[in-house]
Structures are given as C-alpha cells and as structure tokens.
Amino acid sequence: MSLHHSTRRGTPYLGCPGARRKGGLKLKLNELTVSDVRKLIDNREITARDVIDDTYKRIDEVEDRVKAFITLTRDDAYRMADNAGDTIKSGKSSLLAGVPIAVKDNMCTKGVLTTCASKMLYNFVPPYESTVTGRLSAQNYVLVGKTNLDEFAMGSSTENSSFHTTKNPWNLECVPGGSSGGSAAAVAADECIAALGSDTGGSIRQPASLCGVVGLKPTYGRVSRYGLVAFASSLDQIGPITKNVTDAAIIMNAIGGHDPSDSTSAPLELPDFALSLGQDIKGLKIGIPKEYFVEGMNEDVEASVRAAIRKLESLGAVIVEVSLPHTGYAIATYYLLATSEASSNLARYDGVKYGFRADGKDLLDMYMNTRAQGFGPEVKRRIMLGTYALSAGYYDAYYKKAQQVRTLIKQDFDKAFTQADVIITPTSPSAAFRIGEKATDPLQMYLSDIFTISINLAGVPAMSLPCGFTKDNLPVGLQIIGKHFDEQTIFKVAYAYEQSTDWHTRRPKL
Amino acid sequence: MSEDRKQNTVYGKYEAVIGLEVHAQMQTDTKLFCGCSTKFGSGPNSQTCPVCIGMPGVLPVLNRKAVEFAIKTGLAMHCSIAPYSRFARKNYFYPDLPKGYQISQYELPLCVGGHIEILVEGTVRKIGITRIHMEDDAGKNIHEAKGNYSFVDLNRAGVPLMEIVSEPDIRSPKEAAEYMRKVRSIVRYLGVCDGNMEQGSLRCDANVSIRPVGQETLGVKAELKNMNSFRFVERALEYEIKRQIKVIEDGGKVVQETRLWDSAAGVTQSMRSKEEAHDYRYFPEPDLVPMATAPELIAEIKAGLPELPDDKRKRFVSQFGLPEYDAELLTSEKALAAWYESAVSEGGQPKAVSNWIMGEVMRLLNESNKTIEECPIRPGQLAAMLRLIDNGTISGKIAKTVFEEMFMSGKDAETVVKEKGLVQISDEGAIEKAVDEVLAKSASEVERFRAGDDKLLGFFVGQVMKATKGKANPQLLNELLRKKLG
C-alpha cells in the first residue's frame, strides 16, 4: 500500500496541484478529507464555496436515499462558507476554515432547529450555541446541517427517530447504527467532510463501525457537554466522526479542552493530537481482553479484528492478554444508570416552556398528554426504567448497586492498563443489521452496544476505525481503547494501522 | 421527668416537639448556577438565561460566593464543614421548576452538627442544627383571576438558598419564634441573607408533634408550611399543637401529613397525606463534580467572621454589666449593638444607655418606621444628653421631651434645652416661691397630709411641677416640700 495519508480515496491530486481546475480531473471536493480541504483552500486552489457547492450537489443526489439529515442549513452554509472565504482572502486561516461539517441534531445551534429527533422538540430553536459548535465556528467551519439520530440519542439504529430512519450507505436496506447514525451515514456518503456525534454507550463508535468511518469517543471530561442535550450526563461525550484518523485529530484539536460552562470538563491543557500521528508503535503493548472474544460474535467480524491485531503485531506492537472480569455486568449497569439519569434529564420536557405541548383539562392532564404524545416508545421505556430504579425502596438495589458495579468496571480498566497501553476489541459484535430486524426486540438492540458500553462506564476514550468487510461487503470496525486522557496513544496506534491498510479508502456505491 | 419540668410544660401533661427548616435566600449578586441577577422585584422573566430557564443542553456552574456564604453560616452556627460534599437532584414536576428537578444537597450536605443559643424567659437554651445545605430556588406561578391561564415568572428560579435544619429540640411556639429570630439575627450579622420575611428571603417550615411528658419516643408529626412571619410561626404552632392534643384527647390519632397555615382563618389545613407525599427520587447530581472544601478556605472564612450575636451578648453582660435580657435585645441587630457601644464609648452610662435604647429610641424608631441605621440621633448625642441629666441641667422627665425634639430636628440636647428653655430650676429660692404658692392654695390638702395622708406628697410635687412647667429640680423640690410640710 502506497497511499498518501492525506487523501482518503487515494485520489492523486497532490501529484498535480490544482489538477481539478487545470487538468479537468473530476475531483469531487465533498469526497476530500479535512486536511485535503485545508491545504487546497489555503493554497487558493479551491474556495470554500467550491467545497460547499460539491457537498450540496452530493446531498441533492443521494440524500433522498440515505436520509442522514433532519435539517439542511443550505443558506447558513453558504453564508459561513463566504465568511470563511473572506477570512482566507484576508490572509488568515484557521483549522476548519471552509470545511463542511454535519452536526448531530442533539447539539444546540443558535437559531437553527435542534430537535433531538423527537416530536417533543419538533419546533425548538435554541437561543444559544453549544460549546462544541461555538468552537467549530471559531475555526470558521461550515455547518452543512443537523443529522438524524435515535430520539434523544436512545438507540443503536436511528430507527427510534421520530422523523425517519437513516439508511446505511453501504446497503440501503441496513441501519447505519446509532444513535449518531445520521452523522456516520453523512460522512460515509460524502454528504459532508466530517461530522460530530455524541456517545453515551457507543453512539459514535457503533455507527462509525457500521458505516466504515472513524469515530472517537473522547475521555469523559475531554470535550464540553455544554449545549449537548443531555441523555445520561455522567456518560455523554461528544466526538468526531471522520473519514480518517487525521481528521479526527484535527476536529479534536478544535473542540477539546476545558470549558468553564461545563463543570465536568477537565481543567487540563489540550495536547496537539496531530503530533501523535506518524509515531512508531514498536514495543507498544496492546491488550486483548479475553472476555470480548466470545461465542455469538459474527465470524467475519472476528476474523477482521484478529487480522487487524496481527497487522499491529507486524508493525512492532506487543500483544498481551488482559482481563476485564466485570464485563458481563456492563449492560445491566448501564441500563440502570443511563436510564436513571435520563428520567431526570428528560423531566424538563413538560410542555410548559418550549417544544411540544398537548392540551389537557388541568395541569396534570397537560403534563401527561404532552409526555405521552411527545416521546416515542423507546424514550418512554427508558424514562420508566430510570424512574423505577430511583424510586424509594429500589434505589439501593438498583441505582446504588449499579454505581458500585460501575466502580468495579472502572477498576477493571485501571488494572488492565497496568499491563497494556491500549486495549483492542471489536466495536460491534456484528456488521450493520437490516432495518426492522431488531426494532421490536429492545434487548437484542441493547446487545449491539455490548463492546462499547463499558468504555463509557469507565470514562476512558475509545475509537472505532475501519478494519475490514464482511462477505456481504459491510464494514467492520476495530475499537481501540485508551487510558484516561490518553487519546494520544489511541491516535498513534490508529494512524499506524490506518497507514498500513486501505479500508478507509473504500467507499460505498450509491 | 422531674416535677418542675412537668410544671414547665405549657400543655399540661403533653409536651410539644418542634423542629424547624429555615430557607434563607443568600444575598449573592448572581444565581446559584448561572450569572443572572438575583435582584428582587424586576419585570417577569427579565432575569433569566438558558441555564435557569432549563433549556435543553445547559449545565450548572456553581457560584463560589454562595458556597462561602453557606460555610460562613455553618461556622457561625458551630457546624462542622464537610471536607467532601455534593449536590443531588430532587425530582418533581411543577411549572415553576424549569428543570423538573431542584439541585439540592441530600446525602452529603456542606455543614453538619451545630447549634445556636436562644434566650427564653431568662434562660439560655441550645438548639441543635442538624445540617445546612445549599439549593436553588424555584420560580413563581402567577394565576390569572379570570381566564384559564397561569403565568410563570422564573426570575427567582436558581436564586441560591440555604436550608438550615434544626434538631427537634424546640419545645414551644415561643421558642420556635425565638429560634427564627436568632437565625435571622445571625444571617444578617454575616451579611449572607437580608432576612426579609415579607419578600420571602427567609422562609420556614416546621415539623411538630406532641407526646406525653416523660415519653422518649416521638409522636407522629405534621409538617407546617406557609408561615411567613415570626408571629405566624408562633400562631400556627400554637394552633397545631392544640389541634393535635385535641385529636388525642378525643381518642383519635395524629396522622402524618403536610399542613398549610391559613393566616386569615388562623388555622392549619391538611395539604397532603403521607401517602400522597412526593417520592423525590434523589440521586447525585451528575452535572456537578463533588465539592472538596479546602481546610485553608474554611480557616480563612473562620478568621473573617464578625463577632456573632451570642458572643456579643455574653460580652455585653460581662463588659457592661447588663442583664441578659438587655444584652440579648441590644445584640439582636449588628447595627443596634454598634449604636449601643458607640453611645457607651462616648461616655454614656451602660445601663442608662440600654434603658434609653430599649425605651425611647426603639419607640421613636418604630413610630417613624425607621431602622437604627436611619436614626436621626447619633449615639454621641444620646450620651451628651445623659450627661445633662447627670449634672442636673435637666430632669429625667424633661429629658424625654428633649430627646423627642432631638429626634425630630437632629439637634444636640444642649441646643434643644436652651432653645426651649428647658433648663432645670435648681435655684432654691425660685422653687421655694413656687412651693409656697401651691401650699397657700391647697390648705385642705396640707391639713390632710399633716393628718397622715402621705400619698398627697405626689399631689404637691405635681402642682409645683405644673407651675414650673416641669423644670423644678425634683430632688430640691422634694427636700423643700418635706421641710415646709414637716
């Protein structure tokens, strides 16, 4: 493999700068990566407007089939692209000047509809900006639109969206994963250059895996949650979904770091993640948890992940077996804690202040009608579960016990990380499943997050990146888990792997 | 139970057990979790932002000042300050609660295990403080008289409160009111709360039960709400205790419930039963990190504490030789105590100054609806006036007239005395002349006095005072009268 790292598709534009304009090569700018766009714009070979033109051309072409977005912000996008263009003309540049980025529709964007894919917020236009989108704006990004998700980020397929189901660009009859399915599909379908997702139990990594793109859930506290509509506050984290590892590092450089508006964001200096790219991984210890290679895993997935481990070994990494003994309790623990927090976080949707309101003969009636009609079945299921777990007489047995188990799971990771620098697992036990296949079986659906959930409980960072395809040509994702606040080592390993494979250059045919 | 204890209870064979939960609004400039102003009385929803309105995605950031205020209060009430405390969510639905939960403290409050002292009928009583914690206030629902609408004003939503929870150490409504007064006094000394009960800066709920004197176990309690003045606290408890006694005497059982004080009707009324009580589903607030309170911060705050009412009271007793009662009253307000001390340091005799403050100063302030800070008379002016009494320039009686005039005009005592010609007549000849005139006109009274009707001495004094417009030196007058009549 001899691809230059900065092109996802291996398109050889760097050999002939300005090729698109002068040589007439049909290079589609929406297919580029963040770093490509940066270079071409800064070299004045293309303009920000060219990039958004191609992006919207693509959206017009495929969005009917993919349905990645809830809201397209075409006018805002052109305005932002022109602003970015002005900045560049004035001789300045910034990390994301003119880069079209899609944002999951659970991050508040001032003046732009933010629905959380819920009827409850069908008309909600935030009067304020989330910290992450504010930081993207500070780097002159271009907002393409707001992407689809499972309602309030609760789900693993986007089938729980109140509006529509997003399709997997690799197979339109399959789900893109979730809850950040819209963002992952938009990146995979080249409807944007990069996207933001949020991850509470796997909602960035699982769809990234199923759509064949890169997704990073940073350490809890690395990225501000201010303006992210809360699902489970102690687990939620925003992160990038990108076409390659380099782009994930660039986006992290833009959005990461302490935010005084989020008390749970860590007051640590943000490292330059780009510096981790290209570092040698010789002697680096990679832990393989024995509990993660279990029966029931799709054999193509297992084969791809095992091949990836061998590849890393061939690059000089040392493979060690580690144990995460409390893995079996992760799903139960997660569904007690996440639902408990959700039951409280979603109490504010009461029809009084904003969003959907149903009539009622009195206050209680209005509350009940509003919440009965405004929330979908999965959200209601989780609110009820969480309400129950926090109720007098059950708190100790459920919420408190789950917190104790959470501590044990965290200790599992602490211990494993004394033996390994990173831990590698599959991201998801299977590739993309068919739309409707698990929709009526919540337990089956919950199991699709079996490899990702523990990571949120432990608060550690993890990335999913493409590592192969099934026989049905569906992408398989490799999960690299790092120590607390050590995204750098993840980037190092992921980049080394990516450079030695070409999975990330493959594209769905749409 | 000893015999005298039994006699001490107000309710015959029953005693009342009362615990108070006082909510004190902290006087910070901004709200507990956002930067909005806490000013009272602005236009509806003019002091709100996405955070205190409970918009999707917002997060709380703790107001450091509020933490300092709560620690201050805890230290002043002899609590220990928890090195590690955290916030919890208290979940319930109500339109004035925009997040659907209140951010409060539950398992790990900031301050625990203190006490304050109250003075009731001359005895100092220690009332235990269980805990003090911080929480954010709710907004206000405003119901339209006609029409089907209610409005919500969220200006108050997010305003920082301290909840000060007492032990069930209080035994009478009077003690409860004294406790409230002392809490108010302390928070005002500290400058952490303005103590304004009418505006709701200080609010109080009470848990009250009764039990036969001598019984250790507690009776079934009722929680009383909506008592927004000291008087109402006393009256509501008085009513509730009698109600509970009657229930038991009639062979019934007190049920655990929340009752609302109806000040117009003068009764408490059932609001909700135990079964209807909310399950608040408390759990640790995940949006705020646990609070570690550095010993250095506690030490720093402790060092900056002012002298507090109880300490000041003790000092006034020992330093000025005042009775407890005087000292308690004078130290109830920091400004009043300062006024007192200033008057004494300007040469006023301590007990005389105390008497004048508790008498004329308070009376005139009340009548003109002024606070001690607004008093037109300076402490030194009172001290100077007291000197005029001491040196015989004016009589104590005339002094009241002088003082009133000083209060109205702000003038010094000496000026008033000169302008109004109120100087005491100490010229023996002048008084003797007046005495002679009175005795000449009152032949029959003189006769009766000489026959043994001693009480008539007052009559002669009064007549002479009348003739001299009250200016006769009372001592000289008495001597002369006795001589002439003797």
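Residues numbered from 1 in each chain as written. Chains lettered and ligands numbered in written order. Predicted model: local features only at pLDDT ≥ 70, side-chain atom pairs only at ≥ 80, totals over all residues. Heavy atoms only, no water.

### Some details on the overall build of chain B
Phase 1 of the analysis: The helix and strand tally for chain B stands at 17 helices and 16 strands.
Phase 2 of the analysis: Radius of gyration (C-alpha) of chain B: 29 Å, far over the 23 Å computed for a compact globule of 486 residues.
Phase 3 of the analysis: With respect to the three principal axes, the spread of C-alpha positions in chain B is 95 × 55 × 55 Å.
Phase 4 of the analysis: Burial analysis of chain B (486 residues in total) assigns 51% to the buried set.
Phase 5 of the analysis: When contacts within chain B are restricted to residue pairs at least 6 apart in sequence, those whose partners lie at least 24 apart make up 69%.
Phase 6 of the analysis: Surface exposure of chain B reaches about 22800 Å², of which carbon and sulfur atoms provide 50%.
Phase 7 of the analysis: Between the mean site of the 65 positive side-chain charges and the mean site of the 68 negative ones, chain B shows a separation of 2 Å. (Helix = DSSP H or I, 4+ residues; strand = E, 2+ residues; numbered from the N terminus. Rg over C-alpha atoms; globule rule 2.2 N^0.38 Å. Buried < 20%, exposed > 50% of the residue type's maximum accessible area, 1.4 Å probe, protein only. Contact = heavy atoms within 4.5 Å. Areas by Shrake-Rupley, 256 points an atom, 1.4 Å probe, with all protein chains shown as cover. Lys, Arg positive; Asp, Glu negative; His and termini not counted. Charge placed at Lys NZ, Arg CZ, Asp CG, Glu CD.)

### Thoughts on the overall build of chain A
Phase 1 of the analysis: Check the secondary structure of chain A and you find 16 helices and 11 strands.
Phase 2 of the analysis: Taken over the C-alpha trace, chain A has a radius of gyration of 22 Å; the compact-globule value for 510 residues is 24 Å, and the two agree within 12%.
Phase 3 of the analysis: Of the contacts made within chain A by residues no fewer than 6 positions apart, 76% connect residues no fewer than 24 positions apart.
Phase 4 of the analysis: Put simply, chain A has 57 plus and 56 minus side-chain charges, and the middle of one group is 2 Å from the middle of the other.

### Quick word on the interface of chain A and chain B
In many reports, interface size means the accessible area that the parts give up when they come together.
Phase 1 of the analysis: Between chain A and chain B, the residue contacts involve 40 residues of the former and 30 residues of the latter.
Phase 2 of the analysis: When residues of chain A are sorted by the area they lose upon contact with chain B, Ser263, Ser344 and Arg348 of chain A head the list and together hold 21% of the total.
Phase 3 of the analysis: Where chain A meets chain B, there are 1 salt bridge.
Phase 4 of the analysis: In this structure, Arg225 of chain A engages Asp287 of chain B in a salt bridge whose closest nitrogen and oxygen atoms are separated by 3.0 Å.
Phase 5 of the analysis: At the junction of chain A with chain B, the criterion picks out 16 residue pairs in polar contact (both at pLDDT 80 or more).
Phase 6 of the analysis: Partitioning the side of chain A that touches chain B into residue classes produces 21 nonpolar, 12 polar and 7 charged. (Buried area = accessible area lost by both parts, 1.4 Å probe. Salt bridge = Lys/Arg side-chain N within 4 Å of Asp/Glu carboxyl O. Polar contact = N/O pair within 3.5 Å; in protein donor to acceptor, adjacent residues only side chain to side chain. Nonpolar A, V, L, I, M, F, W, Y, C, P; charged D, E, K, R; others polar.)

### Some remarks on the sheet that holds strand β11 (residues 475-481) of chain A
Two orientations exist for strands paired in a sheet by backbone hydrogen bonds: parallel and antiparallel.
All names here are of chain A.
Phase 1 of the analysis: Taken in spatial order, the 11 strands of this open sheet run β1-β3-β2-β4-β6-β5-β10-β11-β9-β7-β8, and their pairing is mixed. Both outer strands of the open sheet, β1 (69-72) and β8 (318-322), are each paired with one neighbouring strand and no more. Each strand axis lies, on average, 30 degrees off the axis of its neighbour in the sheet, ignoring direction.
Phase 2 of the analysis: The pairing of strand β5 (residues 214-217) with strand β6 (residues 237-242) spans 2 bridges and is classified as antiparallel. The partner of Gly215 across the bridge, within β6, is Ile241.
Phase 3 of the analysis: Together, β1, β2 (100-104) and β3 (142-147) form the strand contacts of helix α3 (residues 48-66), whose direction differs from that of β3 by roughly 20 degrees. (Pairing = 2+ DSSP bridges. Axes fitted to C-alpha atoms, helices over the stretch in contact; angles between N-to-C directions.)

### Regarding the state of the cysteines
The bond known as a disulfide is covalent and runs between the sulfur atoms of two cysteines.
Phase 1 of the analysis: Applying the stated criterion to the full structure yields 0 disulfides over all chains.
Phase 2 of the analysis: Note on Cys108 of chain A: no disulfide assigned, nearest cysteine sulfur contributed by Cys116 of chain A at a separation of 7.2 Å.
Phase 3 of the analysis: Take Cys204 of chain B: it sits in no disulfide, and the sulfur closest to it among the cysteines is that of Cys193 of chain B, at 13 Å. (Disulfide = S-S within 2.5 Å.)

### Some details on the packing of aromatic side chains
Phase 1 of the analysis: Overall, the coordinates contain 32 aromatic pairs over all chains when judged by the stated rule.
Phase 2 of the analysis: Relative to Phe356 of chain A, the ring of Tyr122 of chain A has its centre 6.4 Å away and its plane inclined at 70 degrees; by these criteria the two rings are edge-to-face. One end of the pair, Tyr122 of chain A, is in the loop between β2 and α5 (131-138); the other, Phe356 of chain A, is in the loop between α10 (330-345) and α11 (363-374), with 234 residues separating them in the sequence.
Phase 3 of the analysis: In this structure Tyr122 of chain A comes out as partly exposed when scored by relative accessible area, which is 44%.
Phase 4 of the analysis: Classification of Phe356 of chain A as buried rests on a relative accessible area of 11%.
Phase 5 of the analysis: Joined through ring pairs, the aromatic side chains of Phe124, Phe152, Tyr349, Tyr354 and Phe375 of chain A make up one cluster.
Phase 6 of the analysis: For the cation-ring pair, Arg89 of chain B lies above Tyr101 of chain B, with the distance from its terminal atom to the ring centre recorded as 4.0 Å. (Phe/Tyr/Trp six-rings, centres within 6.5 Å; stacked < 30°, edge-to-face > 60°. Lys NZ or Arg CZ within 6 Å of the ring centre and 35° of its normal.)

### Here we look at the nonpolar core
In a soluble, globular protein the nonpolar side chains are often hidden away together inside.
Phase 1 of the analysis: In terms of nonpolar packing, the biggest core is built from 173 residues, with Leu96, Phe152, Phe413 and Phe491 of chain A touching the most fellow members.
Phase 2 of the analysis: Core analysis: the next-biggest nonpolar cluster, separate from the first, contains 103 residues, Phe33, Phe87, Val120 and Met162 of chain B among them. (Core = buried A, V, L, I, M, F, W, Y, C linked by side-chain atoms within 4.5 Å.)

### Brief notes about the domain arrangement of chain B
All names here are of chain B.
Phase 1 of the analysis: Partitioning chain B into domains gives domain 1 (3-301), domain 2 (321-414) and domain 3 (428-485).
Phase 2 of the analysis: Spacing between the C-alpha centres of domain 1 and domain 2 amounts to 36 Å.
Phase 3 of the analysis: Considering only the side of domain 1, the residues that lose the most area to domain 2 are Leu119, Arg188 and Tyr189, jointly responsible for 69% of the buried surface there.
Phase 4 of the analysis: Across the contact surface, domain 1 and domain 2 share 3 salt bridges.
Phase 5 of the analysis: One salt bridge in this structure joins Glu333 and Arg184, with 3.3 Å as the shortest N-O distance.
Phase 6 of the analysis: There are 5 residue pairs in polar contact (both at pLDDT 80 or more) connecting domain 1 and domain 2.
Phase 7 of the analysis: Class assignment of the residues belonging to the side of domain 1 that touches domain 2 gives a composition of 3 nonpolar, 1 polar and 3 charged. (Domains from an automatic or database assignment.)

### A look at helix α9 (residues 334-345) of chain B
All names here are of chain B.
Phase 1 of the analysis: Taking 1.5 Å of rise per residue, the 12 residues of α9 would be expected to cover 16 Å, and the 16 Å separating its terminal C-alpha atoms lies within 8% of that figure.
Phase 2 of the analysis: Considered for burial, the residues of α9 that qualify are Leu336, Ala337, Trp339, Tyr340, Ala343 and Val344. Each buried residue of α9 sits inside an arc of 160 degrees when the element is viewed along its axis, so together they form one side.
Phase 3 of the analysis: Elements that come into contact with the buried residues of α9 comprise α4 (173-190), α7 (309-320), α8 (324-330), α10 (350-367) and α11 (379-390).
Phase 4 of the analysis: One or two positions beyond α9, positive phi appears at Gly347, with a value near 110 degrees. (Expected span 1.5 Å × (residues − 1). Arc of directions from axis to C-beta.)

### Some remarks on a nonpolar patch on the surface
All names here are of chain A.
Phase 1 of the analysis: A contiguous nonpolar patch, built from Tyr388, Tyr394 and Tyr398 and spanning about 280 Å² of accessible area, is present on the exposed surface.
Phase 2 of the analysis: Secondary-structure assignment places Tyr388 in helix α12 (residues 377-390).
Phase 3 of the analysis: Taking relative accessible area as the criterion, Tyr388 reaches 42% and is therefore assigned partly exposed. (Patch = residues over 30% accessible without salt bridge, like charges linked within 9 Å, V, L, I, M, F, W, Y side chains within 5 Å.)

### Remarks on the sheet that holds strand β2 (residues 80-81) of chain B
Residue and element names in this part refer to chain B.
Phase 1 of the analysis: Taken in spatial order, the 9 strands make up an open sheet running β2-β6-β7-β10-β1-β11-β12-β13-β14, and their pairing is mixed. The open sheet terminates on both sides in strands that have one partner only, identified here as β2 and β14 (267-273).
Phase 2 of the analysis: Two strands pair when backbone bridges link them, and strand β13 (residues 257-262) and β14 are joined in this way by 6 bridges, in the antiparallel orientation. Across the sheet, the residue bridging to Asp262 is Val267, located in β14.

### Some details on α4 of chain B
Residue and element names in this part refer to chain B.
Phase 1 of the analysis: The first and last C-alpha atoms of α4 sit 26 Å apart over 18 residues, in line with the 26 Å expected at 1.5 Å per residue.
Phase 2 of the analysis: Counted residue by residue, α4 has 14 buried out of 18 residues, so it is predominantly covered.
Phase 3 of the analysis: The first or second residue beyond α4 is Gly191, which carries a positive phi of 70 degrees.

### What about the packing of helix α15 (residues 443-450) of chain B against helix α16 (residues 456-467) of chain B?
Residues and elements named next belong to chain B.
Phase 1 of the analysis: It is at 9 Å that the axes of α15 and α16 come closest, and there the two elements cross at 145 degrees. Of the two elements, α15 crosses α16, and the hand of that crossing is left-handed. Counting all contacts with α15, which are made through Glu445, Val446, Arg448 and Phe449, the residues of α16 involved are Leu456, Leu457, Phe459 and Phe460.
Phase 2 of the analysis: Considered class by class, the residues forming the contact of α15 with α16 number 6 nonpolar, no polar and 2 charged. (Left-handed = near helix turned anticlockwise from the far one by under 90°.)

### Considerations on the pattern of salt bridges
Phase 1 of the analysis: A full pass over the atoms with the stated rule returns 63 salt bridges over all chains.
Phase 2 of the analysis: Salt bridges linked by common partners bring Glu117, Lys182, Asp310, Arg313, Lys314, Glu324 and Glu328 of chain B together as one network.

### What about unusual backbone geometry?
Phase 1 of the analysis: Along the chain, Gly178 of chain A connects to Ser179 of chain A via a cis peptide bond; the corresponding omega equals 10 degrees.
Phase 2 of the analysis: Along the chain, the position of Ser179 of chain A falls in the loop between β3 and α6 (181-188).
Phase 3 of the analysis: Positive phi outside glycine occurs at His78 of chain B, with the angle close to 60 degrees.
Phase 4 of the analysis: According to the relative accessible area criterion, His78 of chain B is partly exposed, its value standing at 41%.

### A closer look at the environment of Thr28 of chain B
Residue and element names in this part refer to chain B.
Phase 1 of the analysis: With respect to the secondary-structure elements, Thr28 resides in the loop between β1 (14-25) and α2 (50-53).
Phase 2 of the analysis: Considered as a pair, Thr28 and Val112 are 84 residues apart in the sequence and their alpha carbons are 22 Å apart.
Phase 3 of the analysis: Apart from residues no more than four positions distant in its own chain, Thr28 is found in contact with Thr38, Asn63, Lys65, Ala66, Phe69 and Pro160.

### Describing the pairing of β13 of chain B
Residues and elements named next belong to chain B.
Phase 1 of the analysis: Sheet topology places strand β12 (residues 222-225) next to β13; 4 bridges connect them, and they run parallel. Note on β13: the bridge partner recorded for Ala222 is Glu257.
Phase 2 of the analysis: Between β13 and β14, which pair antiparallel in sequence order, lie 4 residues; one of them, Gly266, sits at a positive phi of approximately 70 degrees.

### A short note on the confidence of the model for chain B
Phase 1 of the analysis: For chain B, per-residue confidence averages 92 on the pLDDT scale, and 98% of positions sit at 70 or higher.
Phase 2 of the analysis: Counting interchain partners and residues more than four positions distant, the pLDDT-below-50 stretch residues 1-7 of chain B has 7 contacts. (pLDDT = per-residue confidence, 0-100.)

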